[in-house]
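One-letter residues, chain by chain:
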Amino acid sequence: MYFYIIKNSTDLGFGITGNYESRAQDYVGHAGPRSGTHFPYVFTGLTPHVRKLEKIVKDQWIDRTFITKDGWKTEWLNEEQTLEQFTQDILDVIKERHLKVKVYTKDYNFLNR
Amino acid sequence: MAYPFWDVRFEYKEVTRKPNPMTNINPLARSSGKTATYGDRVVQLENSNKWQKSVRAHEEAGRTFDVANIPKIALVPLGEIVIDEDIQRGLETEHCSNTIGGTKFDPRYLTALICAKSPTTGVYISIDGQQSGSTVAGLISAGLFNTDNWETLEYPVQYIETDDLAFARRAFGIVNGKGKLRQSRYSNLRSSVFIIRIDKNFDDEQDIIAERKLQIAEKHFCYPVEQKSALNKHPGTFSYIIGFDNANEDTLENLFSFHNKYFHCESVHASMFPLFRDITRDFKSAKLTFTDKLADELAGLIQSLFSDVEQFGQAAMQAQKQWSIQRYGYDNNWSDDMYAVVLFQLYKKMGGQEEVPLIWLDKYFDPKSNTGIVDFLTEEILDMAA
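Conventions we followed
- Residues numbered from 1 in each chain as written.
- Chains lettered and ligands numbered in written order.
- Predicted model: local features only at pLDDT ≥ 70, side-chain atom pairs only at ≥ 80, totals over all residues.
- Helix = DSSP H or I, 4+ residues; strand = E, 2+ residues; numbered from the N terminus.
- Rg over C-alpha atoms; globule rule 2.2 N^0.38 Å.
- Buried ≥ 20, exposed ≤ 12 C-beta atoms within 10 Å, placed from the backbone.
- Axes fitted to C-alpha atoms, helices over the stretch in contact; angles between N-to-C directions.
- Parallel < 35°, antiparallel > 145°, perpendicular 65-115°, else oblique.
- Left-handed = near helix turned anticlockwise from the far one by under 90°.
- Contact = placed C-beta atoms within 7 Å.
- Nonpolar A, V, L, I, M, F, W, Y, C, P; charged D, E, K, R; others polar.
- Pairing = 2+ DSSP bridges.
- Domains from an automatic or database assignment.
- Expected span 1.5 Å × (residues − 1).

K.L.:
An account of the overall build of chain A is needed here, citing residue identities and associated values.
P.N.:
In terms of helices and strands, chain A carries three helices and six strands. Moving toward the C terminus, one meets the helices and strands of chain A in the order β-β-α-β-α-β-β-α-β. By the compact-globule yardstick of 13 Å for 113 residues, chain A fits well, its C-alpha radius of gyration being 14 Å. Referenced to the eigenvectors of the C-alpha coordinate spread, the extents of chain A come out at roughly 35 × 35 × 20 Å. Going through the 113 residues of chain A one by one, you find that 30% of them count as buried.

K.L.:
Quick rundown of the overall build of chain B? Include the residues and the values.
P.N.:
In terms of regular secondary structure, chain B is built from 16 helices and nine strands. Over its C-alpha atoms chain B spans a radius of gyration of 28 Å, topping by over 25% the 21 Å that the globule rule assigns to 386 residues. Considering only C-alpha atoms, chain B reaches an extent of 80 × 55 × 50 Å along its principal axes. Expressed as a percentage of its 386 residues, the buried residues of chain B come to 31%.

K.L.:
Can you explain the packing of helix α10 (residues 249-262) of chain B against helix α11 (residues 272-285) of chain B? Please cite residues and give values.
P.N.:
Residues and elements named next belong to chain B. The N-to-C vectors of α10 and α11 enclose an angle of 120°; their axes lie 9 Å apart at closest approach. Considered as vectors, α10 and α11 are oriented oblique to each other. As for the relative orientation of α10 and α11, their crossing is right-handed in sense. Residues D250, T251, N254, L255 and H259 of α10 lie in contact with α11, whose contacting residues are M272, F273, F276, R277, I279 and T280.

K.L.:
Can you explain the interface of chain B and chain A? Please cite residues and give values.
P.N.:
Contacts between chain B and chain A engage 17 residues on the former and 18 residues on the latter. Contributions of two or more residues to the side of chain B that touches chain A are made by α12 (292-306), α13 (309-328) and α16 (379-385) of chain B. A breakdown of the residues in the side of chain B that touches chain A according to their chemical character gives seven nonpolar, six polar and four charged.

K.L.:
Report on unusual backbone geometry, specifying residues and quantitative values.
P.N.:
Backbone geometry at H98(A) places phi at a positive 55°, although glycine is not the residue there. For H98(A), the position within the fold is in the loop between α3 (83-96) and β6 (101-108). Note on H98(A): 16 C-beta atoms within 10 Å, which makes it partly exposed. Even without being glycine, K287(B) reaches a positive phi, approximately 55°. Structurally, K287(B) is set in the loop between α11 and α12. Classification of K287(B) as exposed rests on a count of 7 C-beta atoms within 10 Å.

K.L.:
Please set out the pairing of strand β2 (residues 12-17) of chain A residue by residue, giving values where relevant.
P.N.:
Residue and element names in this part refer to chain A. Judged from the six bridges that link them, strand β1 (residues 2-7) and β2 form a sheet pairing that is antiparallel. In the strand pairing of β2, K7 is matched with L12. Between β1 and the antiparallel strand that follows it, β2, lie four residues.

K.L.:
Tell me what's going on with the packing of α12(B) against helix α14 (residues 338-349) of chain B, and back it up with residues and numbers.
P.N.:
Residues and elements named next belong to chain B. Two elements in contact, α12 and α14, have axes separated by 11 Å at closest approach and are oriented at 95°. The orientation of α12 relative to α14 falls into the category roughly perpendicular. Between α12 and α14, the residues in contact are E297, L298 and L301 and L343, L346 and Y347, respectively.

K.L.:
Before we move on, can you summarise the sheet that holds strand β3 (residues 113-117) of chain B with the specific residues and values?
P.N.:
All names here are of chain B. Strand order in the open sheet made by the five strands is β1-β5-β3-β4-β2, with mixed pairing throughout. Where the open sheet ends on each side, the last strands, each with one partner, are β1 (72-77) and β2 (81-83). Here the strands of the sheet are splayed against their neighbours by 45° on average, with no regard to which way each runs. In this sheet, strand β5 (residues 154-161) lies alongside β3 in parallel orientation, the contact comprising five bridges. Counterpart to C115 in the pairing with β5 is Y159.

K.L.:
Break down the domain arrangement of chain B for me, citing the residues and quoting the values.
P.N.:
When its domains are assigned, chain B resolves into domain 1 (67-175) and domain 2 (229-385). For domain 1 of chain B and domain 2 of chain B, the distance between their C-alpha centroids amounts to 49 Å.

K.L.:
Tell me about the pairing of β5(B), residues and numbers included.
P.N.:
Bridge count between β1(B) and β5(B): six bridges; the pairing is antiparallel. Bridged to L75(B) within β5(B) is P156(B).

K.L.:
So what's going on with the environment of W360(B)? Which residues, and what values?
P.N.:
All names here are of chain B. Its place among the elements puts W360 in helix α15 (residues 359-362). A residue is classified by how many C-beta atoms lie within 10 Å of it, and W360, with 24 of them, is buried. Sequence separation between W360 and F202 is 158 residues; the distance between their C-alpha atoms is 41 Å. Each residue touching W360, except ones within four places of it in the same chain, is listed here: A340, V341, F344 and Q345.

K.L.:
Break down α13(B) for me, citing the residues and quoting the values.
P.N.:
In this model α13(B) runs 28 Å from its N-terminal to its C-terminal C-alpha over 20 residues, within 8% of the 28 Å that 1.5 Å per residue would give. Where α13(B) is concerned, the buried positions are V309(B), E310(B), Q311(B), F312(B), G313(B), A315(B), A316(B), A319(B), Q320(B), W323(B) and S324(B). On its buried face, α13(B) sits against α2 (47-60) of chain A together with α11, α12, α14 and α16 of chain B. Immediately downstream of α13(B), the backbone of G329(B) shows phi near 85°, a positive value.

So, in structure tokens, the structure goes:
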């Protein structure tokens, strides 16, 4: 299982998947080749641990995520969040909670594979 | 995928404890002292996106409403009210005898009857509240009220005027819960706790027990919260109030102390309630001790393989589903005793040495194939556990 950080020309987000290559292809397919869509970080680990990491980001860091007027909690971050800070916080929480999750690859771009 | 870069051991790794905001904002610690007006509530609604959508939908459909159609209140002699047996269920004598009219009966707890008043005949047809009305009439008939004629007793009635019994049936559905927001279990718990903590009223044993159970939770920094509360994200919170209500004090002591010792940075997952119910009950029945070493090892196992209790619970449910499909050919109903069975079968599979009740190793185990429910955890988990 993989946890990825996604970045395009305007937004920063996250998600989990069993196949990060196919997920990246889907994003590029929807947003277009000039959208700058790529995965600055892909983490991997035991499925329950990856799910836990996602849950921490979604539930406990809810104040940092973009929520629509209807209350839909998206997997995109508020505009004040930076890639550097978000990544560091992810690494910190992996360490603090002893999650069996580690960096798998960096700067994965489906178009450059 | 195999993950050779991690060891899985029984050793629990300490997680740094952080200050829990719930210690200061626990809503059951004290009364909020707040009151609100309907004006405040209107502002709250007007700020809601869903409310705005609903208002727009009424406007677009050209719907407006007549205040004359709001239900009215009247005092109607009980003897003049008829009960339509096609709308209301029959009289439940046990409910009248033991609940409404039981030893805790107090007329101040009674509510108004709900009726449809026929505009053509003027007759009031009861669509809700017959159990209360019948109980009062019965108590008067028994000479227990300071009046001797129940038929002339003017009873408060909330009514709508209609000859349309289909409408009355729909209204009956609404007052009995369909479309109505019922009092939550959390609200009931809060009432019991505030009766003890604020009103200092110790008349009801159930209120005393509820408050005492809450003290156990709070002692271990665990806090009940409403299901959709924003407080849910804080450590130690739980919204599975039915599990809390049904648990005895020994179970809660074991459960919350385990949570606070090992998983203090998480909320309390619902699976902890059946898991510790079984641990508390079955260790006692088997005359075994749930040792500190075993608690440490179980926490280490959960942390290593699943990260937390919630993820363990989900994995156990999946294992049950697969076991059921493989063994019986269909997805059998989930039974919450499987949390303990999966956990302790896994503990033994990984070489755990502490003594545990044998009943869990025999349950959901097929001696012919020498496989148990634990063997239906995902391959990834089983590889790591091997």
